[in-house]
Amino acid sequence: MNYKRFIYYQGTIGMASSMIFPFYILLIKNVGNSYAQFGWAYGLFALTAALCYPLIGKYADHVGDKTLLAVYSWGMAILLLFFPLASEVWHVYILQVFMGMLGAVQKNSEKTVLARYVTKEIAGTQIGRYHVWTSVATAVAVIATGYLIDFLTIASIFYVASLVFAWSGMLLLKLNMPEPQQ
Amino acid sequence: MKTAWMVLLYLFIFGLSLYFYSTQLNGPTADLHQRLLPVEIKTIKAGMSEDELQKIVEDAKQGGDTLSIAGMQHSQGGQTVYPDGIMIDMKPYNQIIEVNEEKKTVMVQSGATWANIQEAINPYGLSLKVSQSQNIFTIGGSLSVNAHGLDIRNGSLADTVVSMRLMNADGEILQLSPQENTELFYAALGGYGLFGIILDVTLQLTDDELYETDTARMTYSDYPSYFKQHVQKNPDAKMHLARISIAPESFMKDMYAITYKTASDQGQLSAYQELKTENLVAVPKFFLGLSRINEAGKDSFWNAQKTYTKQIDGNLVSRNNVMRSDSEFMEYDNSRKTEILQEYFVPVDQFEDYIPEMKAVLEAHPDFNLLNVTIRYVEQNEKAVLSYAKEDMFSLVLLVNQGTDAESIEKTQQVVREMIDVTLAHNGSYYLPYFGYPTKAQMQAAYPKTEEFFELKDRLDPEHRFMNLFYEEYRP
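Bear in mind the structure is a predicted one, so any value in this text is a computation, not a measurement.

Residues and elements named next belong to chain A. At a minimum axis separation of 8 Å, helix α3 (residues 65-79) and helix α6 (residues 154-171) run at an interaxial angle of 155 degrees. The angle between α3 and α6 falls in the class roughly antiparallel. Remark: the crossing between α3 and α6 carries left-handed chirality. From α3, Tyr-72, Ser-73, Trp-74, Met-76 and Ala-77 reach across to α6, where they touch Ser-162, Phe-165, Ala-166, Ser-168, Gly-169 and Met-170. Looking at side-chain class alone, the contact of α3 with α6 contains seven nonpolar, four polar and no charged residues.

Laid out in structure tokens, this is it:
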């Protein structure tokens, strides 16, 4: 597999998701009503993720990491298109449930890819290097978005992030991964 | 092939989302619902010097623009704004010009806050005669709303103004005092910024003093006699406030009173003179938060207040520190709800009959989220054209939590109008700086000189250079 390409892919989705997360709270603030609703929105996210992990774990070994990453990339690309349309707090709750599912897919796949392809003896170095580049991408995205949001609306951030996710879905095509064993 | 389909599907949904977003949701109303009064303000100019202020007024005159004057903008009835007008932000105009120790006066620019004055005069052992209960407001703002405070011995805020200078609609600077330009003087005090820009003000001061806190609990029917016996007739009692319960268990019945009396040993004053800063904001903020949620929260807020009041009994505190009441804990940030104030004045002798009738109105509207009622005393004072104290009155300040949508506003309006009707029936009046819920007829009933006020405005500023939404709404 092409390890560099995987880092590049993770960097791209890291950029896209960190573009929205810190500013996402601004959307909930416009839509939501109280801190309790903030709590619920994030709680639902974590709760759905928890429920999805066992299922995703099983699937990962059957269908392969690449397929799951594709589900995540395209899923996020489409899901983000619904965020600018959210005007009621229950819209946000539903979106959070889907975010929870997709988030779980990504978290699990990231780790399985690493687990499958890292060389045990130099795992520390390799995972370290992986984190350097994905974190750099995240940092750049957050800072840049902070400026961008001054010029654009919050809604446009979701559209831009969605395009980046779609781009990451295209990147996956070039990622060579062995097919699952069975 | 699969990817091509995926990309096509994605682009299709992208287009749909963009279409719906731009056609339906991105209308101009989207960001207006957070405020009760959506208005556009062309520019905000900070008036730093007299010349600059004069230029703003002259430019407005030439360009045919209207001006509104703003301090802290806590008035909720649009007194500081006018659609498409120019709002003058007075906050940067805030110098303390002179503290005169001998004459016991202070001269300040109108954008200074009461806190600014306190910091300037405290080192001289001087204190304000009358100020608003919270010290975050600007002097110009407080004078324009003819505010009152906790002091029960020094009359109204207007009585403590030695003189002031005002810039009229022609950019002329006039000297106003109880002796000079009196007509304009008593119109501008409580004039809601309609008569010109208050530039600087000379206020009469008094000595800082050490007070002993005296607290008591009673039911509402005993309060007027308690006040007369233990507060009004006691020459040592200088400042006073009370609260009536909004908790379901003791609704509109239980009260507690806090009176500040001259301490017998003034020698200790210096130990208490350092100006306190707000502390423990989290505790009252927590209880106020609870009381917003439900009835049990209101019970615990009331119980916490009673416990706290009991604890402070006998505490020594300087006059200046009594005049620095906490307000930070009341700050409230919510995009769908807001907190409004109402203030009603009722003659001391009517209080006992008045409270049960208010209670009946409030109980008929269980959704009306009342969070606090503070009671203070206002001496009869009819100098200002728009004067609310036709005789010696108790003032009731109500803090209300309400939604900002049209339906919530409508509901609150109904309750407010009913409460004002009850107040008027008891020869009372209400305070004008709050949201425009009252009817025009209610204003005229509460303020018999309403017509005179607006006629004076039209005569002194015929081109309506100074305008605000309050004028627009209540001009008879």
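This next bit is on the sheet that holds strand β16 (residues 393-403) of chain B. Residue and element names in this part refer to chain B. Read from one edge to the other, the open sheet built from eight strands follows the order β13-β10-β12-β11-β15-β16-β14-β17, with strand pairing classed as antiparallel. Strands with a single pairing partner mark the edges of an open sheet, and in this sheet they are β13 (316-318) and β17 (429-430). Sheet topology note: the strand β14 (residues 337-347)/β16 ladder contains eleven bridges and is antiparallel. Looking at β16, one finds that Leu-341 is bridged to Leu-399. Packing of helix α6 (residues 223-232) onto the sheet brings it into contact with β10 (210-219), β11 (237-244), β12 (254-262), β15 (369-378) and β16, and relative to β11 it is tilted by some 160 degrees. Most of the contacts of helix α9 (residues 295-312) go to β12, to which it runs at about 25 degrees, and overall it touches β10, β11, β12 and β15.

With that out of the way, let us pick up the pattern of salt bridges. In a structure, side chains of opposite charge can pair up when their charged atoms sit close to one another. All names here are of chain B. If you walk through the whole model with that rule in mind, you get 22 salt bridges over all chains. As a salt-bridge pair, Arg-217 and Asp-254 come within 3.7 Å of each other at their nearest N and O atoms. In this pair, Arg-217 is assigned in strand β10 and Asp-254 in strand β12, connecting sequence segments 37 residues apart. The partner of Glu-407 in a salt bridge is Lys-411, and the shortest N-O contact between them spans 3.9 Å. Of the two residues, Glu-407 and Lys-411 are both situated in helix α12 (residues 406-425); the distance of four residues between them amounts to about one turn of the helix. Under the relative-accessibility criterion, Glu-407 is labelled exposed at 53%.

This part takes up the side chain of B:Arg376. Residue and element names in this part refer to chain B. For Arg-376, the location among the structural elements is in strand β15. Given a relative accessible area of 8%, Arg-376 falls into the buried group. Sequence-distant contacts of Arg-376, that is, excluding residues within four places in its chain, are made with Ser-133, His-148, Gly-149, Leu-150, His-240, Leu-241, Glu-343, Met-393, Phe-394, Ser-395 and Val-397.

In terms of nonpolar packing, the biggest core is built from 114 residues, with B:Met164, B:Tyr223, B:Phe351, B:Ile375 and B:Met419 touching the most fellow members. No other element matches the seven residues that α12(B) contributes to this core. Setting aside residues no more than four positions away along its own chain, B:Met419 makes contact with B:Tyr344, B:Met358, B:Val361, B:Leu362, B:Phe368 and B:Leu398. Core analysis: the second largest hydrophobic core is formed by 57 residues, A:Ile20, A:Ile78, A:Tyr130 and A:Tyr159 among them.

So, about the packing of aromatic side chains. Two aromatic rings are characterised by how far apart their centres lie and by the angle between their planes. All names here are of chain B. This structure, assessed with the given rule, holds 29 aromatic pairs over all chains. Relative to Phe-394, the ring of Tyr-223 has its centre 4.9 Å away and its plane inclined at 40 degrees; by these criteria the two rings are tilted. Residue Tyr-223 is located in helix α6, and its partner Phe-394 is located in strand β16; the two are separated by 171 residues in the primary sequence. Phe-394 shares its class with Tyr-223; the two are buried. Counting every residue linked through ring pairs, the aromatic cluster contains Tyr-192, Phe-195, Phe-453, Phe-454, Phe-470, Tyr-471 and Tyr-474.

Time to look at the pairing of β15(B). Residue and element names in this part refer to chain B. For β15, the tally of buried residues reaches ten of ten residues, placing the bulk of the element in the interior. Here two bridges tie β11 to β15, and the two strands are oriented antiparallel to one another. Within β15, the position partnered with Ala-242 by the bridge is Ile-375. Examined bridge by bridge, β15 and β16 share nine bridges and lie antiparallel to one another. In the sheet register, Asn-369 faces β16, and the bridge partner there is Asn-401.

All names here are of chain B. The phi torsion at Gln-73 lies on the positive side, around 60 degrees, for a residue other than glycine. At Asn-146, a position not held by glycine, the phi torsion is positive, near 50 degrees. Summarising the element assignment, Asn-146 is placed in the loop between α4 (139-144) and β7 (161-167). Take Asn-146: its relative accessible area is 7%, and that puts it in the buried class.

On the surface, B:Leu9, B:Phe12, B:Leu16, B:Tyr19 and B:Phe20 cluster together into a nonpolar patch covering about 500 Å² of accessible area. By relative accessible area, B:Leu9 is classed as partly exposed at 41%.

Helices that pack against each other are described as a pair by the angle of their axes relative to one another and the distance between those axes. All names here are of chain A. Orientation of helix α2 (residues 35-63) relative to helix α4 (residues 89-117), taken along the N-to-C sense of each, is 40 degrees, at an axis distance of 7 Å. What the angle tells us is that α2 and α4 run oblique. Note that α2 runs across α4; the crossing there is right-handed. Its residues placed into classes, the contact of α2 with α4 shows 18 nonpolar, six polar and three charged.

Reading guide: rules and limits
Residues numbered from 1 in each chain as written. Chains lettered and ligands numbered in written order. Predicted model: local features only at pLDDT ≥ 70, side-chain atom pairs only at ≥ 80, totals over all residues. Heavy atoms only, no water. Axes fitted to C-alpha atoms, helices over the stretch in contact; angles between N-to-C directions. Helix = DSSP H or I, 4+ residues; strand = E, 2+ residues; numbered from the N terminus. Parallel < 35°, antiparallel > 145°, perpendicular 65-115°, else oblique. Left-handed = near helix turned anticlockwise from the far one by under 90°. Contact = heavy atoms within 4.5 Å. Nonpolar A, V, L, I, M, F, W, Y, C, P; charged D, E, K, R; others polar. Pairing = 2+ DSSP bridges. Salt bridge = Lys/Arg side-chain N within 4 Å of Asp/Glu carboxyl O. Buried < 20%, exposed > 50% of the residue type's maximum accessible area, 1.4 Å probe, protein only. Core = buried A, V, L, I, M, F, W, Y, C linked by side-chain atoms within 4.5 Å. Phe/Tyr/Trp six-rings, centres within 6.5 Å; stacked < 30°, edge-to-face > 60°. Patch = residues over 30% accessible without salt bridge, like charges linked within 9 Å, V, L, I, M, F, W, Y side chains within 5 Å. Areas by Shrake-Rupley, 256 points an atom, 1.4 Å probe, with all protein chains shown as cover.

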